[in-house]
Amino acid sequence: MKILVISPAFPPVSSVGVVRMTSLTAYLVREGHEITVICDESNSQNSNGNDIYIPDGISIIRVPFGKKENSNRAILYKNTVETLLNAETYDVALITVGPYYTLRFCYKVFPKYGIKYILDFRDVGAFEHIKRTNIFRFVKIVVSRIFEGYFEFRSIANTEYVISVTEGWRKKKQNDYRLFKNKMLCIENGYDSERLKGIELPFHLANHKISIMGKLAYYSEHYATILFEALKIVAPLYDETQFVHICDEEIAVDNIMRKLEFEKKYYHVTGFLDYPQGIKLLSDSSINVIVDDRKAAMGTKIYDYLYLNRPIIYVGSPNTTISKFVSQFEYGFSCSTVEEVVYAIKYIFNNDISILDSKYIKENYSREHQNEKYTRLLESITNEDGING
């Protein structure tokens, strides 16, 4: 297949937002497909030193940054896409949504050139978080989204499929667009097996080590406080208890520890580590923790935890997508109170539990497995009446 991917965020920028399309495009190239990516020119100047690289064999067209307003970005992207399509033909297009300005032109441009396309909504959860933490920004975005809603409707009406990264978001899209509910699919994220090649996992776990990779109090200071209250009770009960935070420091975490008079000897923050380093440090933990209270979101760290097969404690709102997901595993605990977190930690430590589940198939949660699903979907579209069909 000859595939056009529109992904404003792309390497060498190394934020979490680039990983999904980087992994997918690399996989598609390895499978023998021809890939062109249209992305922001600014990304070539904004890397934070992480280990995400531009996959070999991909043709990249970078759009000049210009002004930041979405309307201007949409025009720049539309002009770039049309210039390309006047010169070349593609079997199918894949458009990432988030930022949303990619919706302003795709419903017009691709039908004009007879190209079917897929929309990939990679992070609706950011909208959930803004709603709770910054009401003024939320109102501004709501007004913007009402305006953008027209473009979203037109784009969904003309697309082949709408991909969400969680079942919760897929169901939400189905409810929002009942007329097109059969277009809504879920292709999850996953742990990145390609970037983890060569990492040796330890045979023995560290003594009473509890870890969290990524954001701790960012999504919920309330539930982060519950976690620290539980740790304050449990930590003195066991030898060498340590709580390791694999991420940059968070001011909110410092404030919580100060308020609770939490002993800092139990807490260690590593600062930024690249993905393989973070997984290696995480790998000998007795327990891995997630703090989140978004209703339908599921952060990518959960898949890294699944790769390691260690007990998981989720601290957050009950009945969320991630709460239900964690609870399906043998030693996955969903907690919303101090008492529940204390019970989970004690149960794991006292019973020397070292695995999340003895029966799950780890490979099903890899990005490679999800990329295979995506590839089959793209091939099914082009096999209908595409150039290579």
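Placed above this text is the structure.
Residues numbered from 1 in each chain as written. Predicted model: local features only at pLDDT ≥ 70, side-chain atom pairs only at ≥ 80, totals over all residues. Heavy atoms only, no water.

Caption draft 1: Up close: the overall build of the chain. Counting secondary structure elements, the chain contains 13 helices and 13 strands. Counting only residues that meet the buried cut, the chain has 55% of its 389 residues in that class. Taking the intrachain contacts of the chain between residues at least 6 apart in sequence as the baseline, contacts between residues at least 24 apart amount to 75%. Carbon and sulfur atoms form 50% of the exposed surface of the chain, whose accessible area is close to 17,800 Å². (Helix = DSSP H or I, 4+ residues; strand = E, 2+ residues; numbered from the N terminus. Buried < 20%, exposed > 50% of the residue type's maximum accessible area, 1.4 Å probe, protein only. Contact = heavy atoms within 4.5 Å. Areas by Shrake-Rupley, 256 points an atom, 1.4 Å probe, with all protein chains shown as cover.)

Caption draft 2: Looking closely at the pattern of salt bridges. By the definition in use, this model includes 14 salt bridges. Linking Asp-292 and Arg-294 is a salt bridge whose minimum nitrogen-to-oxygen distance equals 2.7 Å. Residues Asp-292 and Arg-294 agree in their burial class; the two are buried. The network of salt bridges with shared partners includes Lys-78, Glu-82 and Lys-112. (Salt bridge = Lys/Arg side-chain N within 4 Å of Asp/Glu carboxyl O.)

Caption draft 3: Quick look at unusual backbone geometry. At the junction of Pro-11 and Pro-12, the peptide bond is cis and its omega measures out at 15° in the coordinates. Within the chain, Glu-261 stands out as a residue other than glycine whose phi angle is a positive 55°. Summarising the element assignment, Glu-261 is placed in the loop between helix H8 (251-260) and strand E10 (267-269). Judged by relative accessible area, Glu-261 falls into the exposed class, the value being 65%.

Caption draft 4: The side chain of Arg-73, seen in detail. Looking at where Arg-73 falls in the secondary structure, it is placed in helix H2 (residues 70-87). Residue class for Arg-73 comes out buried when judged on its relative accessible area of 2%. Polar side-chain contacts of Arg-73 include one of 2.5 Å to the side chain of Asp-40. Side-chain polar atoms of Arg-73 contact the backbone oxygen of Pro-64, separated by 2.9 Å. (Polar contact = N/O pair within 3.5 Å; in protein donor to acceptor, adjacent residues only side chain to side chain.)

Caption draft 5: Structural detail: the sheet that holds strand E12 (residues 312-315). Pairing is parallel in the open sheet, where six strands are placed in the order E10-E9-E8-E11-E12-E13. Edge strands, defined here as strands with exactly one partner in the open sheet, are E10 and strand E13 (332-335). The average angle at which neighbouring strand axes cross in this sheet is 20°, direction not considered. Bridging between strand E8 (residues 209-213) and strand E9 (residues 242-246) involves five bridges; their strand directions are parallel. Paired with Met-213 across the bridge in E9 is Ile-246. Sitting on the sheet, helix H9 (residues 275-282) is in contact with E8, E9 and strand E11 (287-291), with an inclination near 155° to E8. (Pairing = 2+ DSSP bridges. Axes fitted to C-alpha atoms, helices over the stretch in contact; angles between N-to-C directions.)

Caption draft 6: Representation of the packing of helix H7 (residues 221-234) against helix H12 (residues 338-350). Orientation of H7 relative to H12, taken along the N-to-C sense of each, is 50°, at an axis distance of 8 Å. Relative to H12, H7 is oriented oblique. Helix-helix and strand crossings are classified by hand; for H7 and H12 the assignment is right-handed. Contacts between H7 and H12 pair Ile-226, Leu-227, Glu-229, Ala-230, Leu-231, Ile-233 and Val-234 from the former with Val-338, Val-341, Val-342 and Ile-345 from the latter. Grouping the amino acids of the contact of H7 with H12 by side-chain chemistry returns ten nonpolar, no polar and one charged. (Parallel < 35°, antiparallel > 145°, perpendicular 65-115°, else oblique. Left-handed = near helix turned anticlockwise from the far one by under 90°. Nonpolar A, V, L, I, M, F, W, Y, C, P; charged D, E, K, R; others polar.)

Caption draft 7: Here's a closer look at the sheet that holds strand E2 (residues 34-40). Spatially, E3-E2-E1-E4-E5-E6-E7 is the arrangement adopted by the seven strands of the open sheet, whose pairing is parallel. Strands at the two margins of the open sheet, each flanked by one partner only, are strand E3 (58-63) and strand E7 (184-186). When the angles between neighbouring strand axes are averaged without regard to direction, this sheet yields 20°. Alignment of E2 against E3, held across six bridges, turns out to be parallel.

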